[in-house]
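Spelled out, the chains give:
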Amino acid sequence: MIIKVFNLFSSVNVQLNRHDEKASQPGPGRRPDRFKGGVSANRKRSDRMSDPNTADARYRQIAHQLENDIEAGRLRPGQRIASTRELAAQFEVSVGAINDAMELLISKGLVVSRSRSGRYVALDAAPIDRIRERPKPRAVLVGGYAGSGKTEFGRIFARETGWAMLDKDTLTRSVVDAALVELGSSMQDRDSDIYRNSIRPAEYECLQAAMLENIACGVSVVCTAPYLREFKQRSWFERTSARLEALGADMSVIWIECDIDSMHTYVKRRGAIRDTWKLGHWADYLARDVDVTFRPPWPHTVISNNQDSEPLQAQAKSFLRTLSE
């Protein structure tokens, strides 16, 4: 079922590809196009063609693409670059072209070569890092039950820090609604097996990917989602922390505490279609999904959003101070 969901998400690309294939078919009076990507289909793709300018352009093109990867942070300072043979296979060129491209990058100070170890991205290769020292990025994961105020806290904290705000519903709602309808359910469904076992995992993968993309660019993020399954699993925290650490980032976990009456009032007020079942079966929802005493099995900060709690803005500022201590 998960595969079916992902196939749905990519259906637009499939249609575009079919259009391109149709456009490439030879029509009446046309000779078949023997070239794809500027290379003859009747011989092995090669950078060492009869025209020396073509070979020269090819290795420079490879160097340009690798330089873009370095500038974009996909190849990070100190990271080992794939071997010459691996790169030759990726780009479908000779090892000579890869060596020429590497020499060009070395001359620019973007790559260093270590005897018997391979080639690495230079430690000072990232231009932004050369201009100014950037603080270590951080991912703040904010979880809580529906109506607890997690998105509000996330927005307040993002406005206070200037960090990227990544809310699961904002990122995925439109695609989720379309997928639910396509799979024979309704846009209000957040409780069926279709949603829980097929679509929900894809939602959280999208949120995780957006978080890691920002972190890889050195941008701190605030991620807001219920995280009801994830925050119960210490192994999930360990995996997520390890992935962030590999990108040179820290992780903070926040759980939003909220009383039942406040949650109910907020869920009714926002009037979201995804809350239809909850509001219509509130007692069943509380008995099945809500445990007001729950706390994540990982170091975390509790933010209280009860009726008599300190304002969220004041708590956001207090939490921010703890990060600088």
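Residues numbered from 1 in each chain as written. Predicted model: local features only at pLDDT ≥ 70, side-chain atom pairs only at ≥ 80, totals over all residues. Heavy atoms only, no water.

All right, on to the overall build of the chain then. Regarding its fold elements, the chain presents 14 helices and nine strands. Per-residue burial for the chain yields a buried fraction of 37% across its 325 residues. Look at the contacts in the chain between residues 6 or more apart in sequence, and 71% of them connect residues 24 or more apart. Summed over all atoms, the accessible surface of the chain reaches about 18900 Å², with 50% contributed by carbon and sulfur. (Helix = DSSP H or I, 4+ residues; strand = E, 2+ residues; numbered from the N terminus. Buried < 20%, exposed > 50% of the residue type's maximum accessible area, 1.4 Å probe, protein only. Contact = heavy atoms within 4.5 Å. Areas by Shrake-Rupley, 256 points an atom, 1.4 Å probe, with all protein chains shown as cover.)

Here five strands make up an open sheet; going across it, the order is 6-7-5-8-9 and the pairing parallel. Edge positions in the sheet fall to strand 6 (164-167) and strand 9 (301-304), since each of these pairs with one other strand and no more. Each strand axis lies, on average, 20° off the axis of its neighbour in the sheet, ignoring direction. In this fold helix 14 (residues 312-324) packs onto strand 5 (138-143), strand 8 (250-257) and strand 9, with an angle of close to 165° to the strand it touches most, strand 9. (Pairing = 2+ DSSP bridges. Axes fitted to C-alpha atoms, helices over the stretch in contact; angles between N-to-C directions.)

Tallied over the full model, the rule gives 16 salt bridges. Here Glu67 and Lys108 are joined by a salt bridge, their closest N and O atoms 2.9 Å apart. Here Glu67, found in helix 3 (residues 52-71), pairs with Lys108, found in the loop between helix 5 (95-107) and strand 3 (111-114); they are 41 residues apart in sequence, far enough to count as distant. Given the relative accessible area of 47%, Lys108 is considered partly exposed. Across the salt bridge formed by Glu203 and Lys168, the nearest N and O atoms sit 3.0 Å from each other. With a gap of 35 residues between them, Glu203 in helix 9 (residues 193-216) and Lys168 in helix 8 (residues 168-182) connect regions that are remote in the sequence. What makes Lys168 buried here is its relative accessible area of 5%. When salt bridges with common partners are traced through the structure, they connect Lys168, Asp169, Glu203 and Arg274 into a single cluster. (Salt bridge = Lys/Arg side-chain N within 4 Å of Asp/Glu carboxyl O.)

What follows covers the side chain of Glu203. Of the residues examined, Glu203 reaches a relative accessible area of 2% and is grouped as buried. Those residues in contact with Glu203 that lie beyond four places of it in its chain are Lys168, Asp169, Thr172, Val176 and Tyr195.

When you line up the elements, Ser220 lands in the loop between helix 9 and strand 7 (221-224). What makes Ser220 buried here is its relative accessible area of 10%. In terms of polar contacts, Ser220 uses its side chain to reach the backbone amide nitrogen of Arg138, at 2.9 Å. (Polar contact = N/O pair within 3.5 Å; in protein donor to acceptor, adjacent residues only side chain to side chain.)

Taken residue by residue, helix 4 (residues 84-91) has Thr84, Leu87, Ala88 and Phe91 as its buried positions. Seen along its axis, helix 4 keeps its buried residues to an arc of 105°; they face one direction. Facing away from the buried side of helix 4 by over 90 degrees, the exposed positions are Arg85, Ala89 and Gln90. (Arc of directions from axis to C-beta.)

Contact geometry for helix 8 and helix 9: axes closest at 10 Å, N-to-C directions at 145°. For the element pair helix 8 and helix 9, the recorded crossing hand is right-handed. Every residue of helix 9 that contacts helix 8 at Lys168, Asp169, Leu171, Thr172, Val176, Ala179 and Leu180 is listed here: Ile194, Tyr195, Ile199, Glu203, Tyr204, Cys206, Leu207 and Ala210. (Left-handed = near helix turned anticlockwise from the far one by under 90°.)

Take the pairing of strand 8 next. Counting buried residues along strand 8, six of its eight residues qualify, which places the element largely inside the surrounding structure. Examined bridge by bridge, strand 8 and strand 9 share four bridges and lie parallel to one another. Among the inter-strand pairings, Glu257 is bridged to a residue of strand 9, identified as Ser304.

With that settled, the discussion passes to the environment of Gln79. Structurally, the position occupied by Gln79 is in the loop between helix 3 and helix 4. Look at Gln79 and you get partly exposed, because its relative accessible area is 24%. For the pair formed by Gln79 and Val121, sequence separation is 42 residues and the distance between their alpha carbons is 5.5 Å. Excluding its chain neighbours within four sequence positions, the residues that come into contact with Gln79 are Arg74, Arg119, Tyr120 and Val121.

Running from N to C, helix 4 and helix 5 cross one another at 110°; their axes reach a closest spacing of 9 Å. Accordingly, the angle class assigned to the pair helix 4 and helix 5 is roughly perpendicular. For the pair helix 4 and helix 5, contact is made by Thr84, Arg85, Leu87, Ala88 and Phe91 and by Val95, Ile98, Asn99 and Met102, respectively. Here the residues of the contact of helix 4 with helix 5 are counted per class, giving six nonpolar, two polar and one charged. (Parallel < 35°, antiparallel > 145°, perpendicular 65-115°, else oblique. Nonpolar A, V, L, I, M, F, W, Y, C, P; charged D, E, K, R; others polar.)

Turning our eyes to something else, we now look at the environment of Pro311. Examined against the element boundaries, Pro311 turns out to sit in the loop between strand 9 and helix 14. Given a relative accessible area of 54%, Pro311 falls into the exposed group. Distance from Pro311 to Phe153, taken between C-alpha atoms, is 9.8 Å for residues 158 residues apart in sequence.

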